[in-house]
Amino acid sequence: MEHTVSRTEKLDALFGTPVFAVLIAIFCNALWGSAFPFIKMGYRLFSIETADTASILCFAGVRFMLGSLLVLVGSLILEGRLPALPQGKVLAECCALGLWQTTAQYAFYYSAVALLTGAFGGILNSTQSFLGVIFAHFLYGNADRMTPAKALGCVLGFAGVALVNLSGADGTFGFTLDGEGFILASTVAGALSTCLIGIFSRKHDGVLLAGWQFLVGGLVLTAIGFLMGGALSPTAIAPAIALIIYMALISAVAYSLWSRLLAVNPVSRVSVFGFMNPVFGVLLSALLLGEGASTSPVTVIVALLLVCGGIIIVNRPKKA
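This is a predicted model, so every value here is computed, not measured.

Here we take up the packing of aromatic side chains. Between two aromatic rings, the relevant description is the distance of the centres plus the angle of the planes. Counted by the stated rule, this structure contains 15 aromatic pairs. Look at Trp 32 and Trp 258: their rings are 5.3 Å apart centre to centre, the planes differ by 70°, and that puts the pair in the edge-to-face class. Of this pair, Trp 32 sits in helix H2 (residues 18-45) while Trp 258 sits in helix H10 (residues 237-264), placing them 226 residues apart in sequence. Judged by its relative accessible area of 15%, Trp 258 is buried. For the pair Phe 108 and Phe 182, a centre-to-centre distance of 5.2 Å together with 75° between the ring planes defines the contact as edge-to-face. Within this pair, whereas Phe 108 is found in helix H4 (residues 88-113), its partner Phe 182 is found in helix H8 (residues 177-200), the two being separated by 74 residues in sequence. Residue Phe 108 is classed as partly exposed on the basis of its relative accessible area, which comes to 32%. What makes Phe 182 partly exposed here is its relative accessible area of 24%.

See below:
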């Protein structure tokens, strides 16, 4: 027990160091930002067509099931112990979180990724930050009220999202149900999930919640996909295995490190770095996939600046 306590205290001291906390926060958002282009690369490696919803769900489910195992391994490495096996009410909450955050959110997300470019997807997905602020106002009451600054941040963020959807010189608003619509449905599910995590993590270990909800949500995604006739047929075994392991590591490593950061640092100090997520998404999509948006690069950059500015404003700590 003394060894475990000592290791935990050392980790808390390390993660509480400002410079280290900043580097880890940026690293986590780089991992999350890389998800979009790597999912698209996965579709190519597993021969998944954009309309093959069943195989898309299988791909997502396998990723999160493997991710749950890696979360448990990460807990063993970081804390010297495995999270407790959830029972009773805790198990019910893990299942609810898994069905909502992993199954519902990523069923929409993975389907949308197949149809959108990295620039569009990364910026649209950032609406989760602003929806989370709005939902928190109603769910948390006085503990997290909407303020003029937060309202301004949300307006800037949604303005950036609207701008990136302006297609062509005629200024019409581009929107499809299974593209932009699905990614927005994913962000609604993700924002509500963030609120649920905020409630559940007050009572339970964040790593426990992450590990078991990934397992529950991944199992449901995989089962639905295979029952619908989905299959994973890699074109090259080694690259396909490496990619699915990396995708699982994104979930396991980023969530484990992020939960540890939130446990020992002010939330505002950590969450403000979420503005890096769409930045990495856009840049890595351009580098790895050679794709951008159908609008001009200037429009994408302005939209990205609006979104990042909005995220920084809504997460800015209150003045004493």
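There's plenty left to go through after this.
For the rest of this paragraph, the subject is the side chain of Ser 285. Relative to the helices and strands, Ser 285 resides in helix H12 (residues 276-289). Among the polar contacts made by the side chain of Ser 285, one reaches the main-chain carbonyl oxygen of Gly 281 at a distance of 2.8 Å.

Here we take up the packing of H12 against helix H13 (residues 297-314). If you want to describe how two helices pack, look at the angle between their axes and the distance between the axes. Viewed as axis vectors pointing N to C, H12 and H13 meet at an angle of 155°, and their least axial separation amounts to 9 Å. Classed by the angle they form, the pair H12 and H13 counts as roughly antiparallel. Between H12, through Pro 278, Val 279 and Val 282, and H13, the contact on the second element is made entirely by Val 300, Leu 304, Val 307, Cys 308 and Ile 311. The class makeup of the residues in the contact of H12 with H13 is eight nonpolar, no polar and no charged.

Cut-offs used in this document
Residues numbered from 1 in each chain as written. Predicted model: local features only at pLDDT ≥ 70, side-chain atom pairs only at ≥ 80, totals over all residues. Heavy atoms only, no water. Phe/Tyr/Trp six-rings, centres within 6.5 Å; stacked < 30°, edge-to-face > 60°. Helix = DSSP H or I, 4+ residues; strand = E, 2+ residues; numbered from the N terminus. Buried < 20%, exposed > 50% of the residue type's maximum accessible area, 1.4 Å probe, protein only. Polar contact = N/O pair within 3.5 Å; in protein donor to acceptor, adjacent residues only side chain to side chain. Axes fitted to C-alpha atoms, helices over the stretch in contact; angles between N-to-C directions. Parallel < 35°, antiparallel > 145°, perpendicular 65-115°, else oblique. Contact = heavy atoms within 4.5 Å. Nonpolar A, V, L, I, M, F, W, Y, C, P; charged D, E, K, R; others polar.

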